[in-house]
Amino acid sequence: MAQPLVLGIETSCDETGIALVRGLDLLTDVTASSMDDHARFGGIVPEVASRAHLESFVPTLDAALERAEVSLADVDAIAVTAGPGLVGSLTVGVSAAKALAIAIDRPLYGVNHVLGHVAVDALVHGAFPEEFLGLVVSGGHSSLLLVRDIATDVTELGQTLDDAAGEAFDKVGRLLGLPYPGGPHVDRLSKAGDRSAIAFPRGLSRAKDLARHPYDFSFSGLKTAVARVVEGYEDAGREVPAADIAASFSEAVADVLVTKTLNGCAEHGVSTVVIGGGFSANSRLRDLAAERFDEAGITLRIPPIRYCTDNGAMIAALGSAVLAAGLPASTLDITIDSGMPLTDVLAHA
Ligand code: KG4
Ligand code: ZN
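Residues numbered from 1 in each chain as written. Chains lettered and ligands numbered in written order. Predicted model: local features only at pLDDT ≥ 70, side-chain atom pairs only at ≥ 80, totals over all residues. Heavy atoms only, no water.

Visitor: I'd love a proper account of the nonpolar core, names of residues and values included.
Guide: One finds Ile150, Phe249, Val253 and Leu257 to be the most contacted residues of the largest nonpolar core, which totals 75 residues. For this core, the element with the highest residue contribution is helix α10 (residues 242-268), accounting for 11 residues. Beyond its immediate chain neighbours, meaning those up to four positions away, Phe249 contacts Ala168, Phe169, Val172, Val186, Phe200, Leu222 and Val226. One finds Ile9, Leu61, Ala97 and Ile104 within the second-largest nonpolar core, a separate group that totals 26 residues. (Core = buried A, V, L, I, M, F, W, Y, C linked by side-chain atoms within 4.5 Å. Buried < 20%, exposed > 50% of the residue type's maximum accessible area, 1.4 Å probe, protein only. Helix = DSSP H or I, 4+ residues; strand = E, 2+ residues; numbered from the N terminus. Contact = heavy atoms within 4.5 Å.)

Visitor: Go over the layout of surface pockets, please, and point to the residues and values.
Guide: Unfilled space is identified by rolling a water-sized probe across the atoms. One number sums up the size of the largest pocket: a volume of about 1,000 Å³. What lines the largest pocket is a set of 37 residues, among which Met35, Ser138, Gly139, Gly140 and Asp170 lie closest to the centre. Counting residues per element, the ones that place at least two in the lining of the largest pocket are α4 (113-119), α6 (165-175) and α7 (182-190). A per-element tally of the lining of the largest pocket places α6 first, with six residues. Its residues placed into classes, the lining of the largest pocket shows 13 nonpolar, 14 polar and 10 charged. Quantified by volume, the second largest pocket comes out at close to 350 Å³. If you trace the second largest pocket, you find 20 residues lining it, with Leu24, Ile150, Ser320, Ala321 and Ala324 closest to the centre. Residue assignment for the lining of the second largest pocket shows that the elements contributing at least two residues are β7 (142-149) and α12 (312-324). (1 Å grid on protein atoms, 1.4 Å probe; cavity = no way out; pocket = protein on both sides within 12 Å on 5 of 7 lines; lining within 4 Å. Points joined across faces, edges and corners; volume = space filled by probe spheres on them. Nonpolar A, V, L, I, M, F, W, Y, C, P; charged D, E, K, R; others polar.)

Visitor: Account for helix α11 (residues 283-295), naming residues and giving values.
Guide: The end-to-end C-alpha distance of α11, which contains 13 residues, comes to 18 Å, matching closely the 18 Å that a straight helix rising 1.5 Å per residue would cover. Along α11, the residues that are buried comprise Ser283, Arg284, Leu285, Leu288, Ala289 and Phe293. Where the residues of α11 are buried, they touch β6 (132-137), α7, α10, β9 (272-276) and β10 (299-301). For α11, the side-chain oxygen to backbone nitrogen distance between the N-cap and Arg284 is 3.3 Å, and the N-cap itself is Asn282. Downstream of α11 by one or two residues, Gly297 has phi in the positive range, about 70 degrees. (Expected span 1.5 Å × (residues − 1). Polar contact = N/O pair within 3.5 Å; in protein donor to acceptor, adjacent residues only side chain to side chain.)

Next up, the structure:
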């Protein structure tokens, strides 16, 4: 029998993403982004994002159906991001998903966005092994997960206690006078710098901190350290060595992420790591992970960047996994959950 056709809807932040997945086959994935509308404000404006989702929703849905050459009546189930994310943005997607579920009389699954960042890799690299670690790094999250089944068995090993990795890059971008979002600019600049020029702190990596927070991250102290260095040069009237700062800062972030993930693999006897989230575009993270995971004999899976930034395919993929696991559908009175915990794959009413 053919696998169910799942419509995935993602509107948790500034991307309206709609995709169609059958089993592990991605039929189509369409994304409309409102990032250009936010850039001039130096950050995402929630009201602007919500309005953009409203405007983009129907055209994005129509484009996805047309490209996949299916009609709404062919859809067997609808998966939508129920959280975590921005309240207004999530509300647009969940309301639209409920309306569609009623219109075509199909089950609705309100799913967890962060788990979607891991789930999507199965569409690209095939079914997951029995056990693996998932590292989700973006502007909003930095979490390390032990995954036995993405729909039914995920344990959060650790997460950031303050800034997310991408958020720290965006803040350092601002300190260095780069445009928003600063992450990709800091990354580009770092390539011209010396990674060992400045010994920036590795958060929660001293013996005492490691004992209490083996898999948690902290990037705010690092950001403050960067601010001090920049101020030091400015106060002395010297030119700020932006490339060296960017390279040394990137090294500190990548080093902590890779080291803690490797420690997790060793402790749990896991030999596969999946990295997801928009920050996985970071070139130093990619290079260092490739190098050190290879040395350790660990298989590294990172989906292409368009499936790492927010998209509909990740939500359709998780919906597909939830259906395959036979979990009950969400009721139509589910609410969005802007702080949805990783322990919940599905939203409750
Ligand atoms: O997943 P994403 O598109 O959005 C969410 O936050 O959910 O992630 C975007 C984040 C931003 O903070 C952006 O600056 C950062 O990831 N980012 C990067 C790079 N590309 C995106 N940070 C460092 N280096 C990059 N190449
Ligand atoms: Zn995301």
